[in-house]
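This is what each chain is made of:
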Amino acid sequence: MTDRLLTALGAGADTPDALTVAGRALSREELLGAANAVANRIAGARSVAVRADASPETVVAVVGGLLAGVPVVPLPPDAGPAEREHILRDSRAELILGQDVPLDVRERADRSAPEPDPGAAALVLYTSGTTGAPKGVVIPRSAIAAGLDGLADAWQWTADDTLVHGLPLFHVHGLVLGVLGALRTGCRLVHTGRPTPEAYAAAGGSLYFGVPTVWSRVVREPSAARALSGARLLVSGSAALPAPVFRDLEALTGQRPVERYGMTETLITVSTRADGDRRQGSVGLPLPGVRTRLVETGGGIGELEVRGPTLFAGYLGRPEATAAAYTADGWFRTGDIAAVEPDGTHRIVGRASTDLIKSGGYRIGAGEVENALLDHPAVTEAAVVGLPHEDLGQEIVAYVVADGVTEQDLIDFVAGHLSVHKRPRRVRFLDALPRNAMGKPQKKLLPPA
Ligand code: MLC
Ligand code: AMP
């Protein structure tokens, strides 16, 4: 008998508000009944997509897919036509839940089917590389189980917790940790719809998740921050937590946040432990079963490589890209630059490529935004960079050669074509992009924005 991935579904104590998503509550029994109905309808499908807005329906859809052993492809709800069509075409999702298959949280069905194989794909999450369109990261059930068990161990995360967050349900942070984590540990979940300081303060949780932008907004509202003093653990991840935000969180809540590090391809691999030394700038130790190594480039820093049970199964339909992501001896190249202290704790100090931008915790490929801009008839050249930004970590800035179009036109074009969070926040118009003798654009030579 295979261990169940969602251990707490249909087992353990239940409450009418075991899960609240954007103000709507469900018991675990209700979730199971509704998800069974979805699973019965989609059993045997190759894969299914769902418009992953912050709603109980999204949770029902994802759990339905997991129960049926059908990989789920979450679509960003604000994805424009180009991004949506790419994901649907690339993933070859057969059905869109909520569109081709009804999603009704009031439905109840039984289902008796064996637990799918642990090696089977659970999710296909689309994430950006430096160039080209996003790739589908195939995440096996076993990686999710191992990753969540490792985090439960590191954070002393149990059924007694109430987890609070308001992160998007189409990425690892909000969906795998923030929803499946609650369904594996059996803790209550309050998804606040949006990750605002006021909503976090009102939720009364014991365990809070946020990207650094969320924590930086929390500390700018001291009364909201103080309301989190009673929480057991505040966790930050998806991008580096700025030192002043760490300091202000400690001053306002009386506790230091815990930082953890991961990627869509690897899930969370390194974390500070709840009972460990919560040092600013440190992401702690590898999770159980994870190994890390540095390919040193001098000065005690280098590219971080990882291996272990939380890794993805490959990029969907892209064996070359998958192979290129690994070293010859089987380690995954993260592309992040790190340092490892003598006590084994890790610090993330940067990224090898400046063409992967992290803005508000979202990973955005410069190439993807450049291609979107070049699809606009008025644009003849485009170079996109991520510049330091107090609130977002990095902000997307586009340099273009274009005629007869305004900055706002181009911002709206990208927001409507790809998705809202991929839009440049600023656009600068140039007569020509700086290029080297080979004609290759030189982003280092771009003028200040
Ligand atoms: C603004 N809007 C526009 C627009 N300009 N809409 C269309 N066109 C335009 N030109 C509107 C939108 O409609 C939307 O409105 C609103 O602006 C969104 O605002 P925003 O400024 O883009 O959002 P912001 O407030 O800046 O978002 C901050 C944030 C968000 C922190 C809430 O960045 C976020 O949720 N980040 C989380 C990312 C994440 O989960 N990453 C994890 C990746 S996994 P409206 O009305 O709809 O609000 C990973 C692994 C790991 O990294 O380690 O975890
Ligand atoms: P994504 O693919 O969206 O999952 O983004 C993964 C990337 O987020 C990693 O490669 C890192 O660059 C970054 N990241 C995640 N967590 C942290 C962290 N705690 N500190 C710094 N960077 C992080």
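Further up the page is the structure itself.
Counting restarts for each chain, with residues numbered from 1 along the sequence as it is written. Think of it this way: whatever chain is written first is A, whatever ligand is written first is 1, and the rest follow in order. In keeping with the model being predicted, local features are shown solely for residues with a pLDDT of at least 70 and side-chain atom pairs are shown and tallied solely at 80 or more, while totals for entire chains, interfaces and linings include all residues. For the side-chain quantities, the full set of heavy atoms in the structure was used; hydrogens and water were omitted.

## As for the nonpolar core
One recurring pattern in soluble globular proteins: nonpolar side chains tend to sit buried together.
Argument step 1. Ranked by size, the top nonpolar core spans 96 residues in total, and within it L123, I144, W155, W157 and W215 carry the most contacts.
Argument step 2. Any two residues having at least one pair of non-hydrogen atoms within 4.5 Å are treated as being in contact. Excluding residues that lie within four positions of it along the chain, L123 makes contacts with V62, V72, V137, V138, I139, I144, L175, V176 and L180.
Argument step 3. The nonpolar core is taken to be a set of buried Ala, Val, Leu, Ile, Met, Phe, Trp, Tyr and Cys residues, with the residues joined through side-chain atoms within 4.5 Å. Here's how the labels work: a residue is buried when its accessible area is under 20% of the maximum for its type, exposed when over 50%, partly exposed in between, all with a 1.4 Å probe on protein chains only. If you look at the next biggest cluster of nonpolar residues, it comprises 22 residues, including F170, A366, L373 and A378.

## Here's the deal with the packing of aromatic side chains
Argument step 1. Ring pairs shown here join Phe, Tyr and Trp side chains whose ring centres sit within 6.5 Å, with only the six-membered ring taken for Trp; geometry is labelled stacked below 30 degrees between planes, edge-to-face above 60, and tilted in between. Going through the model one piece at a time under the given rule, you end up with 10 aromatic pairs.
Argument step 2. Where F170 meets Y362, the ring centres are 6.2 Å apart and the plane angle is 10°; that geometry is what we call stacked. Taken together, the residues F170 in the loop between β8 (162-165) and α5 (172-185) and Y362 in strand β21 (residues 362-365) connect sequence positions 192 residues apart. For the pair F170 and Y362, one class covers both residues: buried.
Argument step 3. Taken together, a centroid distance of 6.1 Å and an interplanar angle of 10° make the contact between F312 and Y326 stacked. Numbering goes from the N terminus for both helices and strands, where a helix is a DSSP run of H or I of at least four residues and a strand is a run of E of at least two.

## Looking at the pattern of salt bridges
Argument step 1. Salt bridge, as used here: a side-chain nitrogen of Lys or Arg that lies within 4 Å of a carboxyl oxygen of Asp or Glu. Under the counting rule described, the total for this entry stands at 29 salt bridges.
Argument step 2. A salt bridge links D153 to R273; its shortest N-O distance comes to 3.0 Å. In this pair, D153 sits in helix α4 (residues 141-155) while R273 sits in the loop between β13 (267-271) and β14 (285-286), placing the two residues 120 residues apart along the sequence.
Argument step 3. Here K443 ties to D355 by a salt bridge, and the two come within 2.9 Å at their closest N and O atoms. In this pair, K443 sits in the segment after β24 (426-429) while D355 sits in the loop between β19 (346-351) and β20 (356-359), placing the two residues 88 residues apart along the sequence.
Argument step 4. D355 sits in the partly exposed class, given a relative accessible area of 23%.

## Focus on the packing of helix α2 (residues 56-68) against α5
Argument step 1. Axis definition: a line fitted to C-alpha atoms, over the contacting stretch in the case of helices. Angles run 0 to 180 degrees between N-to-C directions. Look at α2 against α5: their axes get within 12 Å of each other, and the N-to-C directions meet at 70°. Taken together, the axis directions place α2 and α5 in an arrangement best described as roughly perpendicular. For the pair α2 and α5, contact is made by V59, V62, V63 and L66 and by L175, V179, L180 and L183, respectively.
Argument step 2. Only Asp, Glu, Lys and Arg are considered charged in this grouping, and only Ala, Val, Leu, Ile, Met, Phe, Trp, Tyr, Cys and Pro are considered nonpolar; every other residue, Gly among them, is considered polar. When the residues that make up the contact of α2 with α5 are grouped by side-chain class, the tally is eight nonpolar, no polar and no charged. Working definition: roughly parallel below 35 degrees, roughly antiparallel above 145 degrees, roughly perpendicular at 65 to 115 degrees, and oblique for all remaining angles.

## As for the site of ligand 1
Argument step 1. Taken together, 24 residues lie around ligand 1, and R194, S238, R260, G360 and D412 are the ones closest in.
Argument step 2. In protein, a polar contact requires one atom able to donate a hydrogen and another able to accept it; more generally it is a pair of N or O atoms within 3.5 Å, and residues adjacent in sequence count only if both atoms are side-chain atoms. Between ligand 1 and S238 there is a distance of 2.6 Å, counted from an oxygen atom to a side-chain nitrogen or oxygen.
Argument step 3. Within the contact set of ligand 1, an oxygen atom lies 2.6 Å away from a side-chain nitrogen or oxygen of R260.
Argument step 4. Elements that contribute at least two residues to the shell around ligand 1 include exactly α5, α7 (212-219), β12 (258-263) and α12 (407-417).
Argument step 5. Looking at the shell around ligand 1 element by element, the count peaks at three residues for α12.
Argument step 6. Among the residues forming the shell around ligand 1, the class breakdown is 10 nonpolar, seven polar and seven charged. Whether a residue is near a molecule or strand depends on its heavy atoms: if one lies within 4 Å, it is near.

## What about unusual backbone geometry?
Argument step 1. Not every positive phi belongs to a glycine, and Q156 is a case in point at roughly 50°.
Argument step 2. Owing to a relative accessible area of 42%, Q156 belongs among the partly exposed residues under this scheme.
Argument step 3. Not every positive phi belongs to a glycine, and S238 is a case in point at roughly 90°.
Argument step 4. You can call S238 partly exposed: its relative accessible area is 21%.

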